[in-house]
Amino acid sequence: MDKTVRTRFAPSPTGYLHIGGLRTALYAYLYAKKNGGKFILRIEDTDQERYVDGSVEIIYRTLKESGLVYDEGPDVGGDYGPYIQSERKQMYLDYAKELVKRGGAYYCFCSKERLEELHANGATKYDKHCLSLSQEEIDRRIANGEPYVIRQNIPESGETTYHDMVFGDITVDYKDLEDNILIKSDGMPTYNFANVIDDHLMGINCVIRGTEYLSSTPKYNHLYQCYGWDLPEYIHLQPIMKDATRKLSKRHGDASYEDFIKKGYLSDAIMNYIALLGWSPKNDREKFTLKEMEEMFSIEGLSKSASIFDETKMRWLNSLYVKEMTPEAYLEYATPFFDRVEYLKGYDYKLLAMLLQGRTEVFSDVGPLTEFMTKFEGFDLSAFENKKWKTDCALAKQMIPDLITLVQNGFETLHDGLVAFAEEKGYKKGQVLWIFRIAITGSQVTPGGATEMAELFGKEECIRRMNECLQRL
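Read on for a plain summary of the structure.

Criteria and thresholds
Residues numbered from 1 in each chain as written. Predicted model: local features only at pLDDT ≥ 70, side-chain atom pairs only at ≥ 80, totals over all residues. Heavy atoms only, no water. 1 Å grid on protein atoms, 1.4 Å probe; cavity = no way out; pocket = protein on both sides within 12 Å on 5 of 7 lines; lining within 4 Å. Points joined across faces, edges and corners; volume = space filled by probe spheres on them. Nonpolar A, V, L, I, M, F, W, Y, C, P; charged D, E, K, R; others polar. Core = buried A, V, L, I, M, F, W, Y, C linked by side-chain atoms within 4.5 Å. Buried < 20%, exposed > 50% of the residue type's maximum accessible area, 1.4 Å probe, protein only. Helix = DSSP H or I, 4+ residues; strand = E, 2+ residues; numbered from the N terminus. Contact = heavy atoms within 4.5 Å. Pairing = 2+ DSSP bridges. Axes fitted to C-alpha atoms, helices over the stretch in contact; angles between N-to-C directions. Polar contact = N/O pair within 3.5 Å; in protein donor to acceptor, adjacent residues only side chain to side chain. Disulfide = S-S within 2.5 Å. Salt bridge = Lys/Arg side-chain N within 4 Å of Asp/Glu carboxyl O. Parallel < 35°, antiparallel > 145°, perpendicular 65-115°, else oblique. Left-handed = near helix turned anticlockwise from the far one by under 90°.

### Brief notes about empty space enclosed by the protein
Thought 1: This structure, assessed with the given rule, holds one cavity of 30 Å³ or more.
Thought 2: Each pocket or cavity is described by its volume, and for the largest cavity that value is around 50 Å³.
Thought 3: For the largest cavity, the full set of lining residues is Arg 23, Tyr 27, Leu 237, Gln 238, Gly 278, Leu 302, Ser 303, Ser 305, Ala 306 and Ser 307.
Thought 4: Grouping the amino acids of the lining of the largest cavity by side-chain chemistry returns four nonpolar, five polar and one charged.

If you want it as structure tokens, here you go:
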């Protein structure tokens, strides 16, 4: 038998691909690659009511952009297709009927009203009412077109144990498990059934998913055993938390991969950060490429406790990637973000990029980092005050007329001119540079020094701004 490791990522197309789902895909990919195996994409669209148009394309796009190249899937093919559950509908019904013959499932004709009454009377699970129906009655009711579901037949007593590669042995009492529906009345399989059939038929021998499935895995194992199939290995992952009490959740609108890309995060940084949400490499490194992760990944590094999503930490990690970009790459990536900021139009993007790269954590920062450019009119003149350089409004009023003349006559050699001016007039160099920068920007915090800001604004704008300052002083 082929022992090649085969993992899968099996998302539901119910909207965007959230961070928890992408982390599951990443770990499934890394485990497969670390072990020389195959990583498979399968679309689980059995819940047609929650299907969202365009979701499948988002899944394809996100996996490809993030570097998680799958070996088999709906759009790339493979030997085990189709890779979309709704295209396998008849197959599930056939396997369910086979399971009924083996005693692992049974037809259930109970009405919605009976089930509601059962629940109202205090029952916590289905009472196996239809398990005792004769074959003759089942055949008659099906022939009459009566709606039915097919339920799993869970043993009523005893316990079962399975091994998880992170949590060790897990033991569950059969009495705590319900006879779940496997085939719904519309003929579509439930997740509980389809994922087992698909995993077996696609040769998936390592199942990686969230800890919410720890308690239901015995039901899936019972299906495997009824068919006489080998069980896969299991790796269950703790959730990613929004804070100490709330999970990150697609349903509650928490950010997706695409949301972070729109904010100006780099794909490599996002994948690097989410890898650390539940996995620690042995050497405690925090920054690594996908290729390095493939070599470093290990089950031993997976956490048994939940991780809290810390966007501040992700911003910091992203800033490391931004600083490593070539100036050309930074400019190319930043240009669409510059374009979104109306007041930056007309400025030299290349110069802006040079000024901002070292200060950018995420690319949407280009707005806040340049916002001072819109706030010059009427800025607080106390900005001229600097205790270190002993500057104030009076010194600014005294110095600015000479600075205007200097810009008019020597803009091309401005830095040398400012230094010479300080020496000639007996000022400290820092005093001159401080007052000049405040006089043209109106801000104590800018992404570049005095002469860099002057180059950005240009000669005429610098003169206009200094004249306006002088009038106010």
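### A short note on the nonpolar core
Thought 1: Judged by nonpolar contacts, the single largest core of 107 residues is most densely connected at Leu 68, Phe 384, Leu 403 and Phe 436.
Thought 2: Broken down by element, the residue count for this core peaks at ten residues, all from helix α1 (residues 19-34).
Thought 3: Those residues within four positions of Phe 384 in sequence are excluded, and the remaining contacts are Phe 379, Thr 391, Asp 392, Cys 393, Ala 396, Ile 400, Trp 434, Ile 435, Ile 438, Ala 439, Cys 469 and Leu 473.
Thought 4: Counting 42 residues, the second largest nonpolar core, distinct from the first, contains Tyr 174, Ile 183, Met 202 and Ile 204.

### Topic: the sheet that holds strand β4 (residues 149-152)
Thought 1: Strand order in the open sheet formed by three strands is β3-β4-β7, with antiparallel pairing between adjacent strands. Looking at which strands have only one partner, the edges of the open sheet turn out to be β3 (105-108) and β7 (181-183). Strand-to-strand twist of the sheet, defined as the mean angle between neighbouring strand axes without regard to direction, takes the value 40°.
Thought 2: Direction of pairing for β3 relative to β4: antiparallel, over a ladder of four bridges. If you follow Cys 108 over to β4, its bridge partner there is Val 149.

### Looking at the side chain of Thr 7
Thought 1: With respect to the element layout, Thr 7 can be found in strand β1 (residues 6-9).
Thought 2: A polar contact is formed between the side chain of Thr 7 and the backbone oxygen of Ala 28, at a distance of 2.8 Å.
Thought 3: Once you skip the residues sitting within four places of it in the chain, Thr 7 turns out to touch Ala 28, Tyr 29, Tyr 31, Ala 32, Lys 38, Phe 39, Ile 40, Ile 204, Cys 206 and Ile 208.

### What to know about the state of the cysteines
Thought 1: Summed over the entire model, instances satisfying the criterion amount to zero disulfides.
Thought 2: Just so you know, Cys 108 is unpaired, no disulfide at all, and the nearest cysteine sulfur is the one on Cys 110, 3.9 Å from it.
Thought 3: With no disulfide of its own, Cys 393 lies 9.2 Å from the sulfur of Cys 469, the closest cysteine sulfur.

### Considerations on the environment of Pro 189
Thought 1: As for its placement among the helices and strands, Pro 189 is situated in the loop between β7 and α6 (191-201).
Thought 2: Here the alpha-carbon distance between Pro 189 and Met 91, two residues 98 residues apart in the chain, equals 9.8 Å.
Thought 3: Those residues within four positions of Pro 189 in sequence are excluded, and the remaining contacts are Thr 46, Tyr 92, Leu 182, Ile 183, Lys 184 and Ala 194.

### What to know about the pattern of salt bridges
Thought 1: A full pass over the atoms with the stated rule returns 31 salt bridges.
Thought 2: Between Asp 199 and Arg 42 there is a salt bridge; the shortest N-O distance is 2.9 Å. In this pair, Asp 199 is assigned in helix α6 and Arg 42 in the loop between β2 (38-41) and α2 (55-65), connecting sequence segments 157 residues apart.
Thought 3: The class of Asp 199 is buried, set by a relative accessible area of 0%.
Thought 4: In this structure, Arg 88 and Asp 198 form a salt bridge, with 2.8 Å as the shortest nitrogen-oxygen distance.

### Side note on the pairing of strand β5 (residues 159-164)
Thought 1: Of the two faces of β5, the one holding Thr 160, Tyr 162 and Asp 164 is buried and the one holding Glu 159, Thr 161 and His 163 is not buried anywhere.
Thought 2: In terms of strand pairing, β5 meets strand β6 (residues 168-173) through six bridges, oriented antiparallel. Counterpart to Thr 160 in the pairing with β6 is Val 172.
Thought 3: Hairpin connection between β5 and β6: a loop of three residues separates the two successive antiparallel strands.

### A look at the packing of helix α17 (residues 429-441) against helix α18 (residues 450-457)
A packed helix pair is summarised by two numbers, namely the angle formed by the two axes and the spacing between the axes.
Thought 1: For the pair α17 and α18, the least separation of the axes is 9 Å and the interaxial angle reads 30°. Classified by the interaxial angle, the pair formed by α17 and α18 is roughly parallel. Remark: the crossing between α17 and α18 carries left-handed chirality. Across the interface between the two elements, Leu 433, Phe 436, Arg 437, Ile 440 and Thr 441 of α17 pack against Ala 450, Met 453, Ala 454 and Phe 457 of α18.
Thought 2: A class-by-class count of the residues in the contact of α17 with α18 yields seven nonpolar, one polar and one charged.

### So, the packing of helix α13 (residues 349-356) against α18
Thought 1: Packing of α13 against α18 leaves a shortest axis separation of 10 Å and a crossing angle of 155°. With respect to each other, α13 and α18 are oriented roughly antiparallel. Here α13 and α18 pass one another in a crossing that is left-handed. Contacts between α13 and α18 involve Leu 351, Leu 352 and Leu 355 from the former and Glu 452, Met 453, Glu 455 and Leu 456 from the latter.

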